[in-house]
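Coordinate analysis (summary)
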Amino acid sequence: MANQIGDFYESYPNQSHAQQDIAGHLNKFWALPMRKQIAEYVQQGGAGLHAQVASAVKAHLHL
């Protein structure tokens, strides 16, 4: 699901803004346990995770 979000925002011309929007979506619609899980996954390397999503999680995710 996170990769689909990343795919959607990939065409944004401003990738910094895209990362903020990705994290905003996760913060708004994902429950805290889900956000913690993806943050932990990113810390472990995030294999297979869309690069924009990983960057958004690192920079803007609220836990």
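What follows concerns the overall build of the protein. A tally of regular secondary structure across the protein gives four helices and zero strands. The N-to-C order of helical and strand elements in the protein reads α-α-α-α. Since a compact globule built from 63 residues should have a radius of gyration of about 11 Å, the 10 Å found for the protein is in line with a globular shape. The dimensions of the protein, computed from C-alpha atoms along their principal axes, are 30 × 25 × 20 Å. The buried share of the protein, reckoned over its 63 residues, is 38%. Put simply, 60% of the contacts in the protein that link residues at least 6 apart link residues at least 24 apart. One way to put it: in the protein the 4 positive side-chain charges average out to a point 12 Å from where the 4 negative ones average out.

Within the largest apolar cluster, 17 residues are counted, with the highest numbers of intra-cluster contacts made by Ile22, Leu26, Ile38, Leu49, Val53 and Val57. Counting residues per element, the ones that place at least two in this core are α1 (2-9), α2 (15-29), α3 (32-43) and α4 (51-60).

For the rest of this paragraph, the subject is the side chain of Gln19. In this structure, Gln19 sits in helix α2. Take Gln19: its relative accessible area is 16%, and that puts it in the buried class. Gln19 has contacts with Gln52, Ser55, Ala56 and His60, leaving out every residue within four places of it along the chain.

The end-to-end C-alpha distance of α3 is 16 Å, a good match for the 16 Å that twelve residues give at a rise of 1.5 Å each. Of all the positions in α3, only Arg35, Ile38, Ala39 and Val42 are classed as buried. Axial view of α3: buried residues confined to an arc of 100°, hence all on one face. Turned more than 90 degrees off the buried face of α3, the exposed positions are Pro33 and Gln37. Looking one or two residues beyond α3, the residue adopting positive phi is Gly45, at roughly 120°.

The geometry of two aromatic rings is summed up by the distance between their centres and the angle between their planes. Scanning all chains against the criterion turns up two aromatic pairs. Relative to Tyr12, the ring of Tyr9 has its centre 4.9 Å away and its plane inclined at 65°; by these criteria the two rings are edge-to-face. By relative accessible area, Tyr12 is classed as partly exposed at 27%. Counting every residue linked through ring pairs, the aromatic cluster contains Phe8, Tyr9 and Tyr12.

Analysis parameters
- Residues numbered from 1 in each chain as written.
- Predicted model: local features only at pLDDT ≥ 70, side-chain atom pairs only at ≥ 80, totals over all residues.
- Heavy atoms only, no water.
- Helix = DSSP H or I, 4+ residues; strand = E, 2+ residues; numbered from the N terminus.
- Rg over C-alpha atoms; globule rule 2.2 N^0.38 Å.
- Buried < 20%, exposed > 50% of the residue type's maximum accessible area, 1.4 Å probe, protein only.
- Contact = heavy atoms within 4.5 Å.
- Lys, Arg positive; Asp, Glu negative; His and termini not counted.
- Charge placed at Lys NZ, Arg CZ, Asp CG, Glu CD.
- Core = buried A, V, L, I, M, F, W, Y, C linked by side-chain atoms within 4.5 Å.
- Expected span 1.5 Å × (residues − 1).
- Arc of directions from axis to C-beta.
- Phe/Tyr/Trp six-rings, centres within 6.5 Å; stacked < 30°, edge-to-face > 60°.

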